[in-house]
Amino acid sequence: MTRKSLEVMLERIEPHPSPRVDLEQYTIPSYLAATILWIAEFKHGDLSGRTVCDLGCGSGRLAIGSVIMGARRAIGVDIDPVALNTARSNARRLGVEGYVDWILADVRNIEISADVVIQNPPFGVQPTLRGIDSVFLVKALKIARDVVYSLHKAGRNNRAFLGKLIRENGGEVTEIVEMEFDIPPIYEFHLKKHYVIKVDLYRVKVGK
């Protein structure tokens, strides 16, 4: 499978029908999800035969894509039942419903384990969500037995902060990939045709 063919498959996944700004719900673009999954599998061999967890899974692109790329099983966790219903429908549409488990929960309250965590957490821009990206990252490091892939806002200060947080929680950053997150105008306050946010993909080995 090529990266482009994976992107085309992920395009079939329907986005959240009514995203909530208070949860910072933005569907990860198919090109970005495909690139992350491509890096995870074909550069590092981190997906085939593994159990993969997607925290804040939304409509399921990363969880479903992990199975398409050879994961033995995927687990999608989200606090929003509408998002999970959409993810279930998407899994059926792509024929992987028997390989994905969906959990309705706040990530702070779950106690599960997986070989790999791949996540696109909220960036914590909303005042009520400040620091939530750190919460997701720390939880991912507790859940993963082997490696974490986590997407965060770019910037020197953020890299320094997240690097320290990762080290304090037993992880080691092995790679940071600079990417762009293209956001369509989905909320009333969006006045442009699209917004491009610079992001960093962190690959973190878990020291357990």
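Scroll up to find the structure.
Residues numbered from 1 in each chain as written. Predicted model: local features only at pLDDT ≥ 70, side-chain atom pairs only at ≥ 80, totals over all residues. Heavy atoms only, no water.

Caption draft 1: Structural view of the pattern of salt bridges. Using the criterion set out here, one finds 14 salt bridges in the structure. A salt bridge links R145 to D115, with the shortest nitrogen-to-oxygen separation between them at 3.1 Å. With a gap of 30 residues between them, R145 in strand β5 (residues 144–153) and D115 in strand β4 (residues 114–119) connect regions that are remote in the sequence. Residues E178 and R159 are paired through a salt bridge, measuring 3.3 Å at the closest nitrogen-oxygen approach. Here R159 lies in helix α6 (residues 156–168) and E178 lies in strand β6 (residues 171–183), a separation of 19 residues in the sequence. Classification of E178 by relative accessible area gives exposed; the value is 62%. Among the charged side chains, a network of salt bridges with common partners joins R3, K4 and E7. (Salt bridge = Lys/Arg side-chain N within 4 Å of Asp/Glu carboxyl O. Helix = DSSP H or I, 4+ residues; strand = E, 2+ residues; numbered from the N terminus. Buried < 20%, exposed > 50% of the residue type's maximum accessible area, 1.4 Å probe, protein only.)

Caption draft 2: Spotlight on the packing of aromatic side chains. Enumeration over the complete set of coordinates arrives at one aromatic pair. Where W38 meets F42, the ring centres are 4.0 Å apart and the plane angle is 35°; that geometry is what we call tilted. Separated by four residues within a single helix, W38 and F42 lie in helix α2 (residues 30–43), roughly one turn from each other. For W38, a relative accessible area of 26% puts it in the partly exposed group. Since its relative accessible area comes to 48%, F42 is described here as partly exposed. (Phe/Tyr/Trp six-rings, centres within 6.5 Å; stacked < 30°, edge-to-face > 60°.)

Caption draft 3: Molecular detail of the nonpolar core. In this structure, W102, I118, L151 and M179 are the most contacted members of the largest nonpolar core, which totals 40 residues. Ranked by residues supplied to this core, first place goes to α2 with seven residues. Setting aside residues up to four positions removed in sequence, W102 forms contacts with C57, G60, A63, I64, G76, L84, A87, R88 and A91. Grouped together as the second largest cluster of nonpolar side chains are 25 residues, L137, L141, I143 and I166 included. (Core = buried A, V, L, I, M, F, W, Y, C linked by side-chain atoms within 4.5 Å. Contact = heavy atoms within 4.5 Å.)

Caption draft 4: Inspection of the sheet that holds strand β1 (residues 51–55) at higher detail. Taken together, the seven strands give an open sheet; going across it, the order is β3-β2-β1-β4-β5-β7-β6, and neighbouring strands pair in mixed fashion. The open sheet has two free edges, formed respectively by β3 (100–104) and β6, since each of these has just one partner strand. In this sheet, adjacent strand axes meet at a mean angle of 20° when their direction is disregarded. When β1 meets strand β2 (residues 73–78), the two strands line up parallel, connected through five bridges. If you follow V52 over to β2, its bridge partner there is A74. Across the sheet, α2 is in contact with β4, β5, β6 and β7 (195–206); its angle to β6 comes to roughly 155°. Strand contacts of helix α4 (residues 81–93): β2 and β3, with the helix running at about 170° to β3, the strand carrying the most contacts. (Pairing = 2+ DSSP bridges. Axes fitted to C-alpha atoms, helices over the stretch in contact; angles between N-to-C directions.)

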